[in-house]
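Letter by letter, the chains look like this.
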Amino acid sequence: MKKIIFTQDSTQHYDSLQVNEIIYERGDNGFLLRCDAQIGNLSIEKLICVDFNQWNELIGKSLFEKAHLLNEFISEKLFNSPYPVSSFEISSLGKVALRIKNFIFSHSALELRA
């Protein structure tokens, strides 16, 4: 069973992170991401807040093969939603995964570790 942790760490190293859902509240300057995270031998479900700059950096470092579709979905499903809070699951784009391996997340940046 996974532990569910809600936190915005100042700095956290992840061996891997898979974004499963993107949540947006109208007027916010970023997203809440529901993720599966691997930290050492611990697997957890984690909610992570990212601003739009961090989100763009995350997408760039993930080399997500359907980034163009993801941007269209964000515009259509989140920014243009009639609801104050909206979300969508990455799996709605098909059999793809938004994953990053071996990186550090901090308030100011997402940083890939060599």
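Predicted model, so just to flag it, every value in this text is computed and none were measured.

## Focus: the packing of helix α1 (residues 52–62) against helix α2 (residues 67–79)
Phase 1: Two elements in contact, α1 and α2, have axes whose closest approach is 11 Å; the angle formed by their N-to-C orientations is 150°. In terms of their interaxial angle, α1 and α2 are classed as roughly antiparallel. Here α1 runs over α2; the crossing is right-handed. Here Phe52, Trp55 and Ile59 of α1 come into contact with α2, specifically with Ala67, Leu70, Ile74 and Phe79.
Phase 2: Looking at the contact of α1 with α2, its residues break down into 7 nonpolar, no polar and no charged.

## Examining the confidence of the model for the protein chain
Detailed reading of the predicted model is not advised wherever pLDDT is low.
Phase 1: Confidence in the prediction of the protein chain, expressed as mean pLDDT, is 77, and 77% of residues score 70 or more.
Phase 2: Taking the mean pLDDT of every element in the protein chain, the minimum, 41, falls on strand β7 (residues 110–112) and the maximum, 91, on strand β5 (residues 85–89).
Phase 3: Here residues 108–114 scores under 50 on pLDDT; set against residues more than four positions off or in separate chains, the count is 23 contacts.

## Some words on the packing of aromatic side chains
Phase 1: This model, assessed by the stated rule, comprises 8 aromatic pairs.
Phase 2: Between Tyr24 and Phe52, the ring centres sit 6.4 Å apart and the planes meet at 40°, which makes this aromatic pair tilted. Of this pair, Tyr24 sits in strand β2 (residues 11–25) while Phe52 sits in helix α1, and the two are 28 residues apart along the sequence.
Phase 3: On the basis of relative accessibility, which here comes to 9%, the residue Tyr24 falls in the buried class.
Phase 4: Their ring planes at 75° and their centres at 5.4 Å tell us that Phe31 and Trp55 sit as a pair that is edge-to-face. One end of the pair, Phe31, is in strand β3 (residues 30–39); the other, Trp55, is in helix α1, with 24 residues separating them in the sequence.
Phase 5: Classification of Trp55 by relative accessible area gives buried; the value is 3%.
Phase 6: In textbook terms, an aromatic cluster arises when at least three aromatic residues are bridged by ring pairs, as seen for Tyr24, Phe31, Phe52, Trp55 and Phe79.

About the cut-offs
Residues numbered from 1 in each chain as written. Predicted model: local features only at pLDDT ≥ 70, side-chain atom pairs only at ≥ 80, totals over all residues. Heavy atoms only, no water. Axes fitted to C-alpha atoms, helices over the stretch in contact; angles between N-to-C directions. Helix = DSSP H or I, 4+ residues; strand = E, 2+ residues; numbered from the N terminus. Parallel < 35°, antiparallel > 145°, perpendicular 65-115°, else oblique. Left-handed = near helix turned anticlockwise from the far one by under 90°. Contact = heavy atoms within 4.5 Å. Nonpolar A, V, L, I, M, F, W, Y, C, P; charged D, E, K, R; others polar. pLDDT = per-residue confidence, 0-100. Phe/Tyr/Trp six-rings, centres within 6.5 Å; stacked < 30°, edge-to-face > 60°. Buried < 20%, exposed > 50% of the residue type's maximum accessible area, 1.4 Å probe, protein only.

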